[in-house]
Amino acid sequence: MRPPLPPFDLESAKAKVRAAENAWNTRDPEKVAQAYTEDSVWRNRDEFMTGRAEIVDFLKRKWATENGYALRKELWDFRENRIAVRFQYEWHDENNQWYRSYGNELWEFSPEGLMSRREASINDTPIEEAERRIFGPRGPEDDSWELPIR
């Protein structure tokens, strides 16, 4: 069991989104993968994967190149066992070029509260380091941060 469990209401959907944000900000592939079913199906940009082992491999590759990764997620909508999220994260490459990545995710959950399906569309925009606005994980009391469009 991975509470909150579907069917979601507004508060439980927000809690699920924040839990995902917190987990991803650890940049720990093994920890993050525990939130997904053993046979979870993913599309991330142009990559397709199935199962926790492939998810862990993907996340290891991702965080090996996306240095300084810091993420914000925001609930977009929800229904029964599905949640739609929009997100932004910032990171830099090996040449210290910073990027802000914008995206949308569609999530589907098992009755046990594990994510069985994740579809993510993401675009990267180069930014100057001075343009950064995400500086690590947010604190538990910081719910006021809203994702700007740019």
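Description of the structure in this document.

About the criteria used
Residues numbered from 1 in each chain as written. Predicted model: local features only at pLDDT ≥ 70, side-chain atom pairs only at ≥ 80, totals over all residues. Heavy atoms only, no water. Helix = DSSP H or I, 4+ residues; strand = E, 2+ residues; numbered from the N terminus. Rg over C-alpha atoms; globule rule 2.2 N^0.38 Å. Buried < 20%, exposed > 50% of the residue type's maximum accessible area, 1.4 Å probe, protein only. Contact = heavy atoms within 4.5 Å. Areas by Shrake-Rupley, 256 points an atom, 1.4 Å probe, with all protein chains shown as cover. Lys, Arg positive; Asp, Glu negative; His and termini not counted. Charge placed at Lys NZ, Arg CZ, Asp CG, Glu CD. Expected span 1.5 Å × (residues − 1). Polar contact = N/O pair within 3.5 Å; in protein donor to acceptor, adjacent residues only side chain to side chain. Pairing = 2+ DSSP bridges. Core = buried A, V, L, I, M, F, W, Y, C linked by side-chain atoms within 4.5 Å.

**Here we look at the overall build of the protein**
Stage number 1. Looking only at helices and strands, one finds three helices and six strands in the protein.
Stage number 2. Relative to the compact-globule value of 15 Å for 150 residues, the protein shows a C-alpha radius of gyration of 15 Å, a close match.
Stage number 3. Overall size of the protein, expressed as C-alpha extent along the three principal axes, is 45 × 35 × 25 Å.
Stage number 4. Classification of the 150 residues of the protein by burial places 48% in the buried group.
Stage number 5. Summarising the internal contacts of the protein: among those between residues at least 6 apart in sequence, 57% fall at separations of at least 24.
Stage number 6. For the protein, the computed accessible surface area is about 8,300 Å², with 50% contributed by carbon and sulfur atoms.
Stage number 7. Mean positive and mean negative side-chain charge positions of the protein (24 and 30 charges, respectively) differ by 1 Å.

**Brief notes about unusual backbone geometry**
Glycine aside, negative phi is the norm for most residues, and most peptide bonds take the trans geometry.
Stage number 1. Of note, the bond from proline 3 into proline 4 is cis; its omega dihedral lies within 30 degrees of zero at -5°.
Stage number 2. We note that arginine 27 has phi near 55°; this positive angle belongs to a residue other than glycine.
Stage number 3. Structurally, arginine 27 can be placed in the loop between helix 1 (10-26) and helix 2 (29-33).
Stage number 4. Positive phi values are uncommon outside glycine, yet asparagine 96 reaches one of about 65°.
Stage number 5. Here asparagine 96 shows up in the loop between strand 4 (82-92) and strand 5 (98-109).

**Thoughts on helix 1**
Stage number 1. Between its first and last C-alpha, helix 1 extends 25 Å over 17 residues, near the 24 Å set by a 1.5 Å rise per residue.
Stage number 2. Inspection of helix 1 places Ser12, Ala13, Lys16, Val17, Arg18, Ala20, Glu21, Ala23, Trp24 and Asn25 among the buried residues, and these make up the whole buried set.
Stage number 3. Taking the backbone nitrogen of glutamate 11 as reference, a side-chain oxygen 3.2 Å away marks aspartate 9 as the first, capping residue of helix 1.
Stage number 4. Phi turns positive one or two residues past the end of helix 1, at arginine 27, with a value near 55°.

**Digging into the pairing of strand 2 (residues 47-50)**
Two faces belong to every sheet, and in a regular strand the side chains alternate between them.
Stage number 1. With four bridges joining them, strand 1 (residues 36-44) and strand 2 adopt antiparallel strand pairing. Within strand 2, the position partnered with arginine 43 by the bridge is phenylalanine 48.
Stage number 2. Counting the residues between successive antiparallel strands, the hairpin from strand 1 to strand 2 contains two residues, one of them, arginine 45, with a positive phi of roughly 60°.

**Re the nonpolar core**
Stage number 1. If you look at the biggest cluster of nonpolar residues, it comprises 30 residues, and the most contacted ones within it are Trp24, Trp42, Leu59, Ile83 and Trp107.
Stage number 2. For this core, the secondary-structure elements that each account for two or more residues are helix 1, helix 2, strand 1, helix 3 (52-65), strand 3 (67-79), strand 4, strand 5 and strand 6 (115-127).
Stage number 3. Excluding its chain neighbours within four sequence positions, the residues that come into contact with leucine 59 are Trp24, Pro29, Val32 and Trp42.

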